[in-house]
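# A structural walkthrough
Residue-level listing of the chains:
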Protein chains: 2
Amino acid sequence: MSTAEIDQLARLLAKLPGLGARSSRRAVLALLKRRETLGEPLVRALREAFDKVRACGVCGNLDSIDPCGICASQRRDRQTILVCEEVEDLWAMERAQSYGGLYHVLGGKLSAIDAVGPEDLGIDRLMARIQADDVKEVILALGATVDGQTTAHYIAERLAGLAVNVSRLGHGVPVGGELNYLDEGTLQAALRARQKLTL
Amino acid sequence: MSTAEIDQLARLLAKLPGLGARSSRRAVLALLKRRETLGEPLVRALREAFDKVRACGVCGNLDSIDPCGICASQRRDRQTILVCEEVEDLWAMERAQSYGGLYHVLGGKLSAIDAVGPEDLGIDRLMARIQADDVKEVILALGATVDGQTTAHYIAERLAGLAVNVSRLGHGVPVGGELNYLDEGTLQAALRARQKLTL
Ligand SMILES: [Zn+2]
Ligand SMILES: [Zn+2]
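Residues numbered from 1 in each chain as written. Chains lettered and ligands numbered in written order. Predicted model: local features only at pLDDT ≥ 70, side-chain atom pairs only at ≥ 80, totals over all residues. Heavy atoms only, no water.

### Digging into the pattern of salt bridges
Residues and elements named next belong to chain B. In total, this model carries 18 salt bridges over all chains according to the counting rule given. We note a salt bridge from Glu94 to Arg76, for which the minimum N-O separation is 2.9 Å. Of this pair, Glu94 sits in helix H5 (residues 87-96) while Arg76 sits in the loop between helix H4 (69-72) and strand S3 (77-84), and the two are 18 residues apart along the sequence. Each member of the pair, Glu94 as well as Arg76, is classed as buried. Residue Arg158 is joined to Asp124 by a salt bridge in which the shortest nitrogen-to-oxygen separation is 2.8 Å. Taken together, the positions of Arg158 in helix H7 (residues 146-159) and Asp124 in helix H6 (residues 123-132) put the pair 34 residues apart, joining distant regions of the chain. (Salt bridge = Lys/Arg side-chain N within 4 Å of Asp/Glu carboxyl O. Helix = DSSP H or I, 4+ residues; strand = E, 2+ residues; numbered from the N terminus. Buried < 20%, exposed > 50% of the residue type's maximum accessible area, 1.4 Å probe, protein only.)

### Focus on the coordination of the zinc ion (ligand 2)
Residue and element names in this part refer to chain B. Protein-derived coordination of the zinc ion (ligand 2) comes from Cys56 (SG), Cys59 (SG), Cys68 (SG) and Cys71 (SG), at a distance range of 2.3 to 2.4 Å. For the zinc ion (ligand 2), the 4 donor atoms in the first shell make angles of 102 to 116 degrees at the metal, so the coordination geometry reads as tetrahedral. Mapped onto the sequence, the residues coordinating the zinc ion (ligand 2) show the spacing C-x2-C-x8-C-x2-C. Of this pair, Cys56 sits in the loop between strand S1 (54-55) and strand S2 (62-63) while Cys71 sits in helix H4, placing them 15 residues apart in sequence. Side by side, Cys56 and Cys71 carry an identical accessibility label, which is buried. (Donors = N, O, S within 2.8 Å, 3.2 Å for Na, K, Ca; no water. Tetrahedral: all angles 85-135°; square planar, octahedral: opposite > 155°, others 65-115°.)

### Things to note about the relation of the copies chain B and chain A
Overlaying chain B with chain A gives an RMSD of 0.1 Å, the required rotation being 179 degrees about an axis along which the chain moves by 0.0 Å. Here the transformation between the copies is reduced to the relation of a two-fold axis. Rotation axis and chain B: the residue whose C-alpha lies nearest the axis is Val43(B), separated from it by 3.0 Å. (Least-squares fit on C-alpha atoms with pLDDT ≥ 70 in both.)

### Description of the coordination of the zinc ion (ligand 1)
All names here are of chain A. Looking at the zinc ion (ligand 1), the protein donor atoms are Cys56 (SG), Cys59 (SG), Cys68 (SG) and Cys71 (SG), and they sit 2.3 to 2.4 Å from it. Between the 4 donor atoms coordinating the zinc ion (ligand 1), the angles at the centre fall across 102 to 116 degrees, so the site counts as tetrahedral. Each donor residue of the zinc ion (ligand 1) lies on one chain, and together they are spaced C-x2-C-x8-C-x2-C. Of this pair, Cys59 sits in the loop between strand S1 (54-55) and strand S2 (62-63) while Cys71 is found in helix H4 (residues 69-72), placing the two residues 12 residues apart along the sequence.

### Quick look at the pairing of S3(B)
Consecutive side chains of a regular strand alternate in pointing toward one face of the sheet and then the other. Residues and elements named next belong to chain B. Here S3 pairs with strand S4 (residues 101-105) via 5 bridges, running parallel. By the bridge assignment for S4, Ile81 is matched with Leu102. As a crossover connection, the stretch from S3 through H5 into S4 is right-handed. Sheet topology note: the S3/strand S5 (residues 137-140) ladder contains 4 bridges and is parallel. (Pairing = 2+ DSSP bridges. Right-handed = clockwise from strand over helix to strand, strands pointing away.)

Quick look at the structure:
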């Protein structure tokens, strides 16, 4: 129905989370109609982001500096590490503005079905970091899904021999829910109500 | 919370129809994580579309050729023109696969509030086209909104002196609804049930 260039652009936009087939075609039109104010700036912003943004070698956060701004900050509590699945989760915690420690982004969770093991999540690197940096508390902020809780349990077992408090986010995370869809208030409550993890 | 490059990219993506503030941040992460398979191809597709896609000088459709593929086709009924507000509407009609004539995209509708007059919509160009090409039927496929119906009425009045049948889409377009949100079946029914417009 439309030209190959438009179809290809719509097909790629439809792969973005939140955009379906129809909304991606509307997005193409918006980009073509507002080429100077939206389309061209978007191309430049994509180029900039691809050129500059990298995963932090320490925590896995995305930033234009490595170590990232959080890892490099002297104002953060360096003896607490919050472990989460994805960068989205780190961003969600930062928006909640109740946490002042460091992070560790796993980049996924243990999954038998998807064949994701501890080595894929860099859990050895997390262990090394905890021991080297004299960390006192590890908060396991993983999703309340089966895989998320399996991952939390696995990490808690690995930490059992170390002199470190291990907690999980408290009441507030809905069962089966993903962290990054939660509003700030729920995340604040969940952080305040975090509980010591017992095996 | 995050780096300037990420914020700028998320800010632009949030301007696309269908993407809010949170989904635009998720889209940024998808683009960065899947840079090779999604991010870079998207930049190339945007560049291609900006380089090649233009508005058709005859009907206002978007295509990489001018006149567009529809205007240039010898398989379309060249004595029927469907007048619609936006390119989205033309695409929606093509998806419905019940219409084989030509189009005329106004690029908007008459609006006192937005100060859109007949000259902004190129209605003189539509009149010239109808007279020059010996058009037999004009289908006014405008939204069932106040401005859409005002525009239809204005065009019908301008066409009153010409030997051309003027119709509007029939039952099926919900009152107050925009064309491009309708499913294919509703558009097919609306086209079949189109009615001769009486002033
Ligand atoms: Zn970092
Ligand atoms: Zn055309």
